Amino acid sequence: MDETFLLMLSNLLHLHNSLDPTTSLLSPPPTSSPSPSPSSLLSSSSSAPLLFFTLASLLSFLATSSSKKGPLNSSPSSKKLEPNSSPSPSPSSSSHFSITAFRALSTDHIWSLDAPIRDAQWRSLYGLSYPVFTTVVEKLKPFITASNLSLPSDYAVAMVLSRLSHGYSAKTIASRSSLDPYLVSKITNMVTRLLATKLYPEFIKIPVSRRRLIETTQGFEELTSLPNICGAIDGSPIKVRGLKLDRNLMNSYKCKYGFDSVLLQVVADHRKIFWDVCVKAPGGADDATHFRDSLLYNRLTSGDILWDKMINVRGHHVRPYIVGDWCYPLLSFLMTPFSPDGAGTPAQNLFDGMLMKGRSVVVEAIGLLKTRWKILQDLDVGLNHAPQTIVACCVLHNLCQIAREPEPEIRKDPDETGAPARVLESEKQYYYFGESLRQALADDLHQRLSS
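Residues numbered from 1 in each chain as written. Predicted model: local features only at pLDDT ≥ 70, side-chain atom pairs only at ≥ 80, totals over all residues. Heavy atoms only, no water.

Notes on the overall build of the chain
The helix and strand inventory of the chain stands at 18 helices and 7 strands. Counting across all 451 residues of the chain, residues that qualify as buried make up 42%. Of the accessible surface of the chain, which amounts to about 23700 Å², a share of 55% is contributed by carbon and sulfur atoms. (Helix = DSSP H or I, 4+ residues; strand = E, 2+ residues; numbered from the N terminus. Buried < 20%, exposed > 50% of the residue type's maximum accessible area, 1.4 Å probe, protein only. Areas by Shrake-Rupley, 256 points an atom, 1.4 Å probe, with all protein chains shown as cover.)

The following block contains the structure:
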């Protein structure tokens, strides 16, 4: 018999004795009085026997029925989840994602909270603080309204930000919001496209103005002691889930880490703000090839970008330049290390250490990007929509950096490996000038720091 039932039965016996102390159901009756019959118990003037037998019968029935039905009526929480399955949201949890719940949070409730608590709550839901969220909504609202979307603009933006920041699939968002998955995908594509096209020119800009150029080069010089660095470049594979490709294309999307991906290239300033973003290559491409296919490379080689901040270093006219690792070619506008293994002269090794210190800025920026917008850790959108989704996350990253949002613990890619990039015949003039410029910078750095 169940231990819980026995305990309750014992308690009932104590209850009976306290209600009718003249008799005991467990002790034998006195020899002088006849044994009580069931009819005499039921007709007794005391209500204690009747109360006891009624409750005891009820508990016995419940204990028997629960033992029989236990395996069939076990709660869903006690069942094991199948591998790779996610529990469906309960009605109560789904209600938090409804339009009504969002409207209550964003209007009535939001202003009753202290700013730090409000913004922390907003970041946990949508990846950014409430003021930054309202900025995004205000800038996208005219375009969303013009699309005749059946949902409010702020709710549509909130739904997409929730998906980007938590990495939710369209099905998960749909079940929580009581919407059709197709509609969620459609809204995601619309909002990410607007972020990647309408907001990109405003928040991702090459630092051509003299004020911003001076601020950027000074920031890098404080970090590296190298003059006139205006940015750091790097590439990173973005994993794309469920790619369905022809056999001829499968290897081209397989990155060096073994998963299907597309390649992201970014240039960041000293504040980890991206000023150029490119997503044009499959994950199997190398960084140098991707760079050469980018608009930035074409503009730099054609002289379309002319930074008006020239300095003189040991007789060399040095314009602002970007820094990268040995996976990129050495060019007059792109400085790379002398040696990946520290086999150079003391001046060259010192230069390499400082250059890689400047490059670490873009590594941290990419880590922040993937940590804030977790959808980039396992991109669950179609291949056609992958580039705009990645660029949209880069725009949101810049908004967070400009607003000085708290930086979470970053997720870093593995260290770069591979041979130094080869130089093309068409790049020889840039390479030779870059080679002499790099040596002049190294000698100047070594002399300044040694003295």
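Comments concerning the side chain of Ser129
Mapped onto the elements of the fold, Ser129 is located in the loop between α6 (115-126) and α7 (130-146). Taking the relative accessible area as the measure of exposure, Ser129 reaches 3% and is therefore buried.

Looking at the layout of surface pockets
There is about 660 Å³ of room inside the largest pocket. Elements represented by at least two residues in the lining of the largest pocket include exactly β1 (229-239), α14 (287-292) and α16 (346-372). If you tally residues by element for the lining of the largest pocket, the top one is α16, at 6 residues. When the residues that make up the lining of the largest pocket are grouped by side-chain class, the tally is 14 nonpolar, 9 polar and 13 charged. (1 Å grid on protein atoms, 1.4 Å probe; cavity = no way out; pocket = protein on both sides within 12 Å on 5 of 7 lines; lining within 4 Å. Points joined across faces, edges and corners; volume = space filled by probe spheres on them. Nonpolar A, V, L, I, M, F, W, Y, C, P; charged D, E, K, R; others polar.)

Focus: the pattern of salt bridges
Side-chain pairs of opposite charge can arise where the charged atoms are in close proximity. Evaluated as defined, the whole model comprises 16 salt bridges. In this structure, the salt-bridge partner of Asp119 is Arg118, at a minimum N-O distance of 3.0 Å. Taking the relative accessible area as the measure of exposure, Asp119 reaches 11% and is therefore buried. Classification of Arg118 as buried rests on a relative accessible area of 11%. A salt bridge links Arg359 to Asp325; the nearest nitrogen and oxygen atoms lie 3.1 Å apart. In this pair, Arg359 is assigned in helix α16 and Asp325 in the loop between β6 (321-323) and β7 (334-335), connecting sequence segments 34 residues apart. Pair check on accessibility: Arg359 and Asp325 agree, each one buried. (Salt bridge = Lys/Arg side-chain N within 4 Å of Asp/Glu carboxyl O.)

Observations concerning the environment of Arg118
Assignment of secondary structure puts Arg118 in helix α6. In the structure, Arg118 is positioned 11 residues away from Ser129 in sequence and 7.8 Å away in space, judged by C-alpha atoms. Side-chain polar atoms of Arg118 contact the side chain of Asp119, separated by 3.0 Å. (Polar contact = N/O pair within 3.5 Å; in protein donor to acceptor, adjacent residues only side chain to side chain.)

Concerning the packing of helix α8 (residues 153-166) against helix α10 (residues 181-197)
One can describe the packing of α8 onto α10 by two numbers: an axis separation of 9 Å at closest approach and a directional angle of 90 degrees. Overall, the two elements α8 and α10 adopt an arrangement that is roughly perpendicular. The segment α8 lies against α10, with Ala156, Met159, Val160, Arg163 and Leu164 engaging Val184, Ser185, Ile187, Thr188, Val191 and Thr192. Among the residues forming the contact of α8 with α10, the class breakdown is 7 nonpolar, 3 polar and 1 charged. (Axes fitted to C-alpha atoms, helices over the stretch in contact; angles between N-to-C directions. Parallel < 35°, antiparallel > 145°, perpendicular 65-115°, else oblique. Contact = heavy atoms within 4.5 Å.)

Focus: the packing of α7 against α10
Where α7 contacts α10, the axes come no closer than 11 Å and their chain directions differ by 115 degrees. When the interaxial angle is binned, α7 and α10 end up roughly perpendicular. Crossing geometry of α7 relative to α10 is assigned as right-handed. Residues Val136, Leu140, Phe143 and Ile144 of α7 form the contact with α10, whose own contacting residues are Met190, Val191, Leu194 and Leu195. Per-class residue counts for the contact of α7 with α10 are 8 nonpolar, no polar and no charged. (Left-handed = near helix turned anticlockwise from the far one by under 90°.)

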